Amino acid sequence: MHTQAAKHALIEAGAWVAQQGWVPATGGNFSIKTDSGFVVTASGFDKGKLTPEQFLELDATGTIVAGNGKPSAETALHLTLYQLCADAGCILHTHSVAATVLSRFIQGEQFQISGYEMQKSLSGIQSHEETLSIAIFDNDQDINRLARRVAQHHQTTPIKYGVLIRGHGLYAVGQTVQETRRHIEGLEFLFACELERIKLEGRQ
Ligand SMILES: CSCCC(=O)C(=O)COP(=O)(O)O
Ligand SMILES: [Zn+2]
C-alpha cells in the first residue's frame, strides 16, 4: 500500500477503535506494511484523533526513513510480527478492558476457546467446534526482549490472528486493515463472552 493511503487507513481505524473504547489515554499503536517497509504511529498521541503528521515511515529493517517525533515505543513488536508473518499487512494494537483482564485471569500461555459461532469471524475458521488459540506473553517493558520471546514461540507455534500481552492488550494481525479490524472485532467479542461466562460460572 502507498504511504499516504496507509496513514489514512490507520487514521480511520484509530477513530473506530477509539469509539469502541479500546485505546484509552493514548494507549495502542498501529502499522501498515508499505512497498518499502511499514508506517507506524508516533509515540504518545491520542490514537483516536491521529493526523498524517503523527506517523513515521520505516524500512523493512526498522530504520526510520521519514517522519518526525518518536516511533511507537512498541515498534519492535510490529517489526518482529511482520518478519514472522509473511502475510501480515496490518497490525493494530489495542488496550481493551476485556483483553487486559482476561489475559491476567488466564494463568497459562494460551487463550483457548471453542463453541462460539463468532470464531468464524476469524479468517479460515469454519466451525464453532474448532479450537481457537491465541498465545499470551507476560508483559515486559523491554520490548526487544518481548519481541524475541514472541519470535521464539512462533518457531513451534505459528502466530495467527495475533497475540495477547498479559495485563496489557492485544496485537491483532491481518493481511489488510479490513481483515485486522475484523480480527479485533471478532476477538473482542469472544473475550467479552469469556469474561461473562467466567463471571457466571466462576471458573476457567
Ligand atoms: C499509555 S499506554 C502505555 C504505552 C503502550 O502500551 C502503548 O500501547 C502506547 O505506546 P506508544 O508509544 O505507541 O504511544
Ligand atoms: Zn500497548
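Rules used throughout
- Residues numbered from 1 in each chain as written.
- Chains lettered and ligands numbered in written order.
- Predicted model: local features only at pLDDT ≥ 70, side-chain atom pairs only at ≥ 80, totals over all residues.
- Heavy atoms only, no water.
- UniProt positions renumbered as here; feature names shortened; annotations may be inferred.
- Salt bridge = Lys/Arg side-chain N within 4 Å of Asp/Glu carboxyl O.
- Buried < 20%, exposed > 50% of the residue type's maximum accessible area, 1.4 Å probe, protein only.
- Helix = DSSP H or I, 4+ residues; strand = E, 2+ residues; numbered from the N terminus.
- Core = buried A, V, L, I, M, F, W, Y, C linked by side-chain atoms within 4.5 Å.
- Contact = heavy atoms within 4.5 Å.
- Polar contact = N/O pair within 3.5 Å; in protein donor to acceptor, adjacent residues only side chain to side chain.

- The chain goes by Methylthioribulose-1-phosphate dehydratase in an unreviewed UniProt entry, where it is assigned to Pseudoalteromonas piscicida.
- The heading Sequence similarities (unreviewed entry) in the UniProt record of the chain holds the text "Belongs to the aldolase class II family. MtnB subfamily."
- Per UniProt, the comment on the chain under Pathway (unreviewed entry) is "Amino-acid biosynthesis; L-methionine biosynthesis via salvage pathway; L-methionine from S-methyl-5-thio-alpha-D-ribose 1-phosphate: step 2/6."

### A closer look at the pattern of salt bridges
If the charged atoms of two oppositely charged side chains come close together, the side chains can form a pair.
Here is step 1 of the chain: For the coordinates displayed, the defined rule picks out 9 salt bridges.
Here is step 2 of the chain: Among the salt bridges present, the one from Asp-140 reaches Arg-149, with a minimum N-O distance of 3.8 Å.
Here is step 3 of the chain: Residue classification places Arg-149 among the partly exposed positions, given a relative accessible area of 28%.
Here is step 4 of the chain: Close ionic contact of Arg-197 with Glu-201 constitutes a salt bridge, the shortest N to O distance being 2.8 Å. Taken together, the residues span about one helical turn, with Arg-197 and Glu-201 both in helix H5 (residues 177-201) at a distance of 4 residues.
Here is step 5 of the chain: In this structure Glu-201 comes out as partly exposed when scored by relative accessible area, which is 40%.
Here is step 6 of the chain: Salt bridges sharing common partners tie together Asp-140, Arg-145 and Arg-149.

### So, the nonpolar core
Here is step 1 of the chain: Counting 39 residues, the largest nonpolar core has Leu-10, Phe-111, Leu-132, Leu-164, Leu-170, Leu-187 and Phe-191 as its most contacted members.
Here is step 2 of the chain: Setting aside residues up to four positions removed in sequence, Phe-111 forms contacts with Leu-102, Ile-106, Leu-132, Ser-133, Ile-134, Ile-136, Leu-164, Phe-191 and Glu-194.
Here is step 3 of the chain: The next biggest cluster of nonpolar side chains, apart from the first, holds 26 residues, and it includes Ala-42, Leu-56, Leu-58 and Phe-137.

### Description of the UniProt feature "binding site: Zn(2+)" (unreviewed entry) in the chain
Here is step 1 of the chain: Here, the residues flagged by UniProt with the feature "binding site: Zn(2+)" (unreviewed entry) are His-93 and His-95.
Here is step 2 of the chain: Relative to the elements of secondary structure, His-93 occurs in strand E5 (residues 90-94).
Here is step 3 of the chain: Look past the residues within four positions of His-93 in its chain and what remains in contact with it is Val-23, Gly-28, Asn-29, Phe-30, Glu-74, His-168, Gly-169, Leu-170 and Tyr-171.
Here is step 4 of the chain: Side-chain polar atoms of His-93 contact the side chain of His-95, separated by 3.0 Å.

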